[in-house]
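Commentary on secondary and tertiary structure
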Amino acid sequence: MLSIPLRLNPAGWRRPLMRVAALVAAAALAACEPVEQQAAGPQTGPTIDPSQPVQVALLVPGGSGDANYDYMARSMANAARMAVADAQGARIDLRVYDYGDDAGRAAQQANQAVGEGAKIIVGPLHAESANAVGNAVRGRVNVLSFSNNADIAGGNLFVLGNTFSNTANRLVSYGVSQGLRRFLIVHETDVAGQIGGAAIEGAIARNRATLVGKTGHGATRAEMDRIAPTIAQAAAANQAQAIFLTGNNTAVLPEITGALANAGLSGQSIQLMGLTRWDVPGDRARLPQLQNGWFAVPDLARIAEFNRRYQAAFGETPHEFATLAYDGVSAVAASVRAGRSNAVTTAGLTRSGGFAGIQGSFRLLPDGSNQRQLAVATLRNGQLVIIDAPRASFRGAGL
């Protein structure tokens, strides 16, 4: 699944960061057995009676008049209802609120939902709206937003979307396990490219590898052609073993990899890897310069099974973000099913065992970000090949 588009907040809106039967069977989607490790730092969220229905508010971008957002909202609401139906052992009172992809409206709906008894909020989508909602209900309930922008996370606001940091860490750690130690970063100079580049740099440091260079480029092929020979020279001079690209814009990845190939850097001469899916759209997978490159993917088999179930129930293909709505509601249900009164508090949501979601196992971290188990994939003869499967759970793993 492609990352949720980053829509950064104006500086005045940004939250201060706190560093402190397959799918048919509900059992297959239950939470991993939680390790009794409590979250450190401030705690948010009400206690509940897990034997009674727990009210969950779902905020979706419907009602704006935009057909794509209405489709997205419908998919999210339907997926959340599927999660409720699968929540054996937990009683979830799901209530859906449309906010039209407007941050102010999202905050109003969040306040209304809490006033009507919501114990936790799942959604909204973009960073601006998520930030507004988190601030509106701060100190009262937790928010599991669909954003992938970890910069807004912290306090009572969590992000469910797969972050650049998750992908970067998965690929760098796998590379290190395969003997790659020297990485060169090639990133776009827009805001998303800079954030992606920083995430890659952090992953290199965390995995005790070596950053041998970092080069930015614009979005035009002319600029990429101009910078590619310089990147090739830097790779040779610094003995780079891998080039990690952000390639966030749809048109950029084919262009920058094409320019690098013309400069002698391809999957045949050096390991290429990227933050985004290299197999979508479908025709991209056949590009010769992308063959043998590494990228990360969620649990594609589980997503395919979910899509089949959804199609059978609702007569259409779900929007790709529907899985996040399912994962958010099912995580709440799993926490409630454990029978703890702190199920929707910070401690209840951040137990290190995590949850088994549609996209794969994931867990919420005390700083509001998340960790997701991802597969490492490559392209061979235009076909996606999984070269390292995701771990099934976080059992035995610490925070």
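Located above this text is the structure these notes cover.
What you are looking at is a predicted structure, and each value in this text was computed from that prediction instead of being measured.

Turning next to the pattern of salt bridges. A full pass over the atoms with the stated rule returns 11 salt bridges. Of the charged contacts in the structure, one is a salt bridge between R309 and D86, with a shortest N-O distance of 3.0 Å. Of the two residues, R309 sits in helix α8 (residues 300-314) while D86 sits in helix α1 (residues 67-86), which places them 223 residues apart along the sequence. Each member of the pair, R309 together with D86, is buried. R226 serves as the salt-bridge partner of E223, at 3.8 Å between the closest nitrogen and oxygen. Residue E223 and its partner R226 are located together in helix α6 (residues 221-237), separated by 3 residues, close to a single helical turn.

On the basis of which strands lie adjacent, the open sheet formed by 3 strands has the order β11-β12-β13 and antiparallel pairing. The sheet is open, and its two edges are formed by β11 (355-357) and β13 (370-372), each paired on a single side. Averaged over neighbouring strand pairs, the angle between their axes works out to 30° when direction is ignored. As paired elements, strand β12 (residues 360-364) and β13 share 3 bridges and run antiparallel to each other.

What the 5 strands build is an open sheet, ordered β2-β1-β3-β4-β5; its pairing is parallel. Edge positions in the open sheet fall to β2 (92-98) and β5 (157-159), since each of these has one partner strand only. Within this sheet the neighbouring strands show an average axis-to-axis angle of 20°, counted without direction. Two strands pair when backbone bridges link them, and strand β3 (residues 120-122) and strand β4 (residues 142-145) are joined in this way by 3 bridges, in the parallel orientation. In the sheet register, I121 faces β4, and the bridge partner there is V143. Sitting on the sheet, helix α3 (residues 127-136) is in contact with β1 (54-60), β3, β4 and β5, with an inclination near 170° to β4.

Here we come to the nonpolar core. Formed by 66 residues in total, the largest nonpolar core has its most connected members in L59, I121, L144, F146 and V332. Apart from residues lying up to four places away in sequence, L144 is in contact with I120, I121, V122, G123, F158, L160, G328, V332, L349 and L364. Of all hydrophobic cores here, the second largest spans 28 residues; its members include L184, A228, I270 and V297.

Within α3, 8 of the 10 residues are buried, leaving the element largely enclosed by the surrounding structure. For α3, the set of buried residues is A127, E128, S129, A130, N131, A132, V133 and G134. Where α3 is buried, its residues touch β1, α2 (103-115), β3, β4 and β5.

Viewed as axis vectors pointing N to C, α2 and α3 meet at an angle of 35°, and their least axial separation amounts to 8 Å. Where α2 crosses over α3, the two elements pack in a sense that is right-handed. The segment α2 lies against α3, with A103, A106, A107, A110 and N111 engaging E128, S129, A132, V133 and A136. Its residues placed into classes, the contact of α2 with α3 shows 7 nonpolar, 2 polar and 1 charged.

Here A132 lies in helix α3. Measuring from C-alpha to C-alpha, the distance between A132 and G104 comes to 7.0 Å, with 28 residues separating the pair along the chain. Ignoring any residue separated from it by four or fewer positions in sequence, one finds A132 in contact with A103 and A107.

With that out of the way, let us pick up unusual backbone geometry. In this structure, the amide linkage connecting G123 to the following residue, P124, adopts the cis form with an omega of 0°. Within the secondary structure layout, P124 lies in the loop between β3 and α3. The peptide bond linking V280 to P281 adopts the cis configuration, its omega dihedral lying at -5°. In this fold, P281 is placed in the loop between β9 (271-274) and β10 (294-297). Its identity as a non-glycine residue notwithstanding, D101 has a phi of 60°, on the positive side. Phi angles above zero are rare outside glycine, and N292 is one such case at about 75°. Mapped onto the fold, N292 is located in the loop between β9 and β10. When its relative accessible area of 26% is taken as the criterion, N292 is described as partly exposed.

Quick look at the side chain of Q373 now. When you line up the elements, Q373 lands in the loop between β13 and β14 (375-380). Assessed through its relative accessible area of 11%, Q373 is described here as buried. Beyond its immediate sequence surroundings of up to four residues, Q373 is in contact with Q359, S361, P390, R391, S393 and F394.

Definitions and cut-offs
- Residues numbered from 1 in each chain as written.
- Predicted model: local features only at pLDDT ≥ 70, side-chain atom pairs only at ≥ 80, totals over all residues.
- Heavy atoms only, no water.
- Salt bridge = Lys/Arg side-chain N within 4 Å of Asp/Glu carboxyl O.
- Helix = DSSP H or I, 4+ residues; strand = E, 2+ residues; numbered from the N terminus.
- Buried < 20%, exposed > 50% of the residue type's maximum accessible area, 1.4 Å probe, protein only.
- Pairing = 2+ DSSP bridges.
- Axes fitted to C-alpha atoms, helices over the stretch in contact; angles between N-to-C directions.
- Contact = heavy atoms within 4.5 Å.
- Core = buried A, V, L, I, M, F, W, Y, C linked by side-chain atoms within 4.5 Å.
- Left-handed = near helix turned anticlockwise from the far one by under 90°.
- Nonpolar A, V, L, I, M, F, W, Y, C, P; charged D, E, K, R; others polar.

Bear in mind that shape data such as this cannot, by itself, settle questions of function.
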